[in-house]
Amino acid sequence: MKKVTLSFDNGPDPDTTPQVLDVLARHGLRTTFFVVGERLRDPGRRALCARARAEGHRIGNHTYGHIMPLGMSANPDLPAWEIGKAQDLIGTLSEPAPLFRPSGALGALNDTLFSRRALDYLVAGGYTCVLWNAVPRDWDDPRGWVGRALDLCERQSWPLVVLHDIDTGAMDSLDRFLDELAQRDMTVVQEFPPDCVPIVGGRIVGPVERYVAA
Ligand SMILES: [Zn+2]
């Protein structure tokens, strides 16, 4: 039996997030939703986060505005804007050690993820930083991503898959993806693979310098 962790980024979306929650509930699975903070200004969308939390999912911070990878800006105020502002909006729906996932340029894991200031901000704020190792680009190919996702899962010893609960139609195939995982004897767990979590509760526990802009 192999472990797989699922995450849903860039929501919540009024149509797609309930659809995803329904499918996950039917399969009895728990995951993490990395939400874009400014979307929570809408009470209906915040209520979807509350529903996800109540159903056992975790809510993580995926920046306030998803403007650009933090390492691509020299603006000294960007970390507080993108990380802090989103965390304020997540508020009581947060995990005790807040989860943060940076936005990456099309999923790339490189030195655009953090500026030095952003890294310091995460450490000072006691954040747990959650990266990824499987990006099937569901936004690009809403009908064809399942095969690619399964291939990526086969290749990783413990895949952490990034999907998106946004309005592309890709999540129409989530149910099929979950069936395929089960058929391959892969079990969905909520924990994160340790090598995708270089900062835990503000403590640097893995290699992060490779993700910090020079
Ligand atoms: Zn994103």
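Position numbers for residues count from 1 along each chain, tracking the sequence in the order it is written. For a predicted model such as this one, the threshold for reporting local features is a pLDDT of at least 70, and the threshold for listing and counting side-chain atom pairs is 80 or more; totals across whole chains, interfaces and linings nevertheless cover every residue. To obtain the side-chain values, all non-hydrogen atoms of the structure were included, while hydrogens and water were left out.

- The chain carries the name Chitooligosaccharide deacetylase in an unreviewed UniProt entry, which gives Azospirillum endophyticum as its organism.
- Checking UniProt for the chain, the heading Function (unreviewed entry) contains the comment "Is involved in generating a small heat-stable compound (Nod), an acylated oligomer of N-acetylglucosamine, that stimulates mitosis in various plant protoplasts."
- UniProt positions are given in the numbering used here, feature names are shortened, and annotations may be inferred rather than shown by experiment. According to its UniProt record, the chain has this under Sequence similarities (unreviewed entry): "Belongs to the polysaccharide deacetylase family."

## A closer look at the coordination of the zinc ion
No. 1: Here a donor is an N, O or S atom found within 2.8 Å of the metal, or within 3.2 Å if the metal is Na, K or Ca; sites may look incomplete because water is not among the atoms. Summarising the metal site, the zinc ion is bound by the protein donors Asn10 (OD1), His62 (NE2) and His66 (NE2), whose distances to it range over 2.1 to 2.3 Å.
No. 2: Here the donor residues for the zinc ion map to a single chain with the spacing N-x51-H-x3-H. Taken as a pair, Asn10 in the loop between β1 (2–9) and α1 (16–27) and His66 in the loop between β3 (58–61) and α3 (78–90) lie far apart in primary sequence, 56 residues in all.
No. 3: Judged by its relative accessible area of 16%, Asn10 is buried.
No. 4: Relative accessibility decides the category of a residue: with a 1.4 Å probe and only protein chains considered, values under 20% of the type maximum give buried, values over 50% give exposed, and everything between is partly exposed. With a relative accessible area of 29%, His66 lands in the partly exposed category. Secondary structure follows DSSP: runs of H or I at least 4 residues long count as helices, runs of E at least 2 residues long count as strands, and numbering of each begins at the N terminus.

## Side note on the nonpolar core
No. 1: If you look at the biggest cluster of nonpolar residues, it comprises 36 residues, and the most contacted ones within it are Phe8, Phe33, Leu174, Phe177, Leu178 and Leu181.
No. 2: With six residues, the top contributor of residues to this core is helix α5 (residues 145–155).
No. 3: Residue contacts for Leu174: discarding those within four places in its chain leaves Phe8, Val20, Val23, Leu24, Trp145 and Leu163.
No. 4: Nonpolar cores are built from buried Ala, Val, Leu, Ile, Met, Phe, Trp, Tyr and Cys residues. Side-chain atoms within 4.5 Å join them into one set. If you look at the next biggest cluster of nonpolar residues, it comprises 19 residues, including Leu70, Phe114, Leu131 and Val212. For this analysis, residues touch if any pair of their heavy atoms sits within 4.5 Å.

## What about the environment of Ala170?
No. 1: Relative to the helices and strands, Ala170 is located in the loop between β6 (160–164) and α6 (174–183).
No. 2: Linking Ala170 and Trp145, residues 25 residues apart in sequence, is a C-alpha distance of 7.6 Å.
No. 3: Every residue in contact with Ala170, bar those within four places of it in the chain, is listed here: Asp138, Pro142 and Trp145.

## Some details on the pairing of β6
Each regular strand carries side chains that alternate between the two faces of the sheet.
No. 1: In terms of burial, β6 is a largely internal element, five of the five residues being buried.
No. 2: Here β6 shows a buried face lined by Leu160, Val162 and His164 and a second buried face lined by Val161 and Leu163.
No. 3: As paired elements, β1 and β6 share five bridges and run parallel to each other. Residue Thr5 lies in a different strand from β6, and its bridge partner there is Leu160. One requirement defines pairing of two strands: DSSP has to find at least two bridges between them.

## Here's the deal with the packing of aromatic side chains
No. 1: Only rings of Phe, Tyr and Trp enter the pairing, Trp through its six-membered ring, and a pair is recorded when the two centres are within 6.5 Å. The plane angle decides the type: under 30 degrees is stacked, over 60 is edge-to-face, the rest tilted. Evaluation of the coordinates by the stated rule reveals five aromatic pairs.
No. 2: Ring plane angle 80 degrees and centroid distance 5.3 Å describe the contact between Tyr64 and Trp81, whose orientation is recorded as edge-to-face. You can see Tyr64 sitting in the loop between β3 and α3 and its partner Trp81 sitting in helix α3, a full 17 residues away along the chain.
No. 3: By relative accessible area, which is 7% here, Tyr64 ends up buried.

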